Amino acid sequence: GELPGGRAVHTMHVGSYDDLPRTYEAIGTWAKEQGHTLATAMWETYLDDPSAVTDPATLRTEIHWLLAD
């Protein structure tokens, strides 16, 4: 596949995958406060193998979300 280019919000989520919605909410809040609109394109990069991690609180996930403006 091919990822779209452009300006994007980038953050690191550390913790369980179950907590990802909180990070997405924080991205949305930040974008709104900064006067940005988020595009529909976003992707996650998983930096750890969940089968090799004993503590889900240490899982690292990069989140990239394109800006529409």
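Sequence positions are assigned chain by chain, starting from 1 and proceeding in written order. Predicted model: local features are reported for residues with pLDDT of at least 70 only, side-chain atom pairs are reported and counted for 80 or more only, and whole-chain, interface and lining totals are derived from all residues. Note that the side-chain values use all heavy atoms of the structure and ignore hydrogens as well as water.

Okay, the overall build of the chain next. Numbering goes from the N terminus for both helices and strands, where a helix is a DSSP run of H or I of at least four residues and a strand is a run of E of at least two. Helix and strand content of the chain: one helix and three strands. Overall, the chain shows an N-to-C arrangement of helices and strands of β-α-β-β. With respect to the three principal axes, the spread of C-alpha positions in the chain is 40 × 30 × 15 Å. In the chain, buried positions account for 28% of the 69 residues. Whether two residues are in contact is decided by their heavy atoms, any of which lying within 4.5 Å being enough. Long-range contacts, defined as pairs at least 24 residues apart, comprise 67% of the intrachain contacts of the chain with a sequence gap of at least 6. When the accessible surface of the chain is summed, it comes to about 4,700 Å², and 52% of that surface belongs to carbon and sulfur atoms. Counting rule for charge: Lys and Arg are taken as positive, Asp and Glu as negative, and neither His nor the chain ends is counted. One atom stands in for each charge, and that atom is NZ of Lys, CZ of Arg, CG of Asp or CD of Glu. For the chain, the centre of its 4 positive side-chain charges and the centre of its 11 negative side-chain charges are spaced 8 Å apart. Relative accessibility decides the category of a residue: with a 1.4 Å probe and only protein chains considered, values under 20% of the type maximum give buried, values over 50% give exposed, and everything between is partly exposed. Every accessible area reported is derived by Shrake-Rupley at a probe size of 1.4 Å, with residue values counting cover from the shown protein chains alone.

Now for the environment of S51. Relative to the helices and strands, S51 resides in the loop between β2 (38-46) and β3 (60-67). Here a polar contact is taken to be a pair of N or O atoms separated by no more than 3.5 Å, where protein atoms must pair a possible hydrogen donor with a possible acceptor and residues adjacent in sequence count only if both atoms sit in side chains. Here D49 takes part through its side chain, which lies 2.7 Å from a polar atom of the side chain of S51.

Let us now look at the nonpolar core. Throughout this description, the term nonpolar core refers to a set of buried Ala, Val, Leu, Ile, Met, Phe, Trp, Tyr and Cys residues connected via side-chain atoms within 4.5 Å. Core analysis: the biggest nonpolar cluster contains seven residues, these being V9, L20, Y24, I27, I63, W65 and L67. Secondary structure elements with two or more residues in this core: α1 (20-33) and β3. Those residues within four positions of V9 in sequence are excluded, and the remaining contacts are I27, W30, L38, I63, H64, W65 and L67.

Turning next to the pattern of salt bridges. A side chain of one charge can pair with a side chain of the opposite charge if their charged atoms are brought near each other. Take a side-chain nitrogen of Lys or Arg and a carboxyl oxygen of Asp or Glu: if they are within 4 Å of each other, that pair is a salt bridge. Counting across every chain of the model gives two salt bridges. In this structure, the salt-bridge partner of R22 is D19, at a minimum N-O distance of 2.8 Å.

Function cannot be inferred from these measures alone, as they are strictly geometric.
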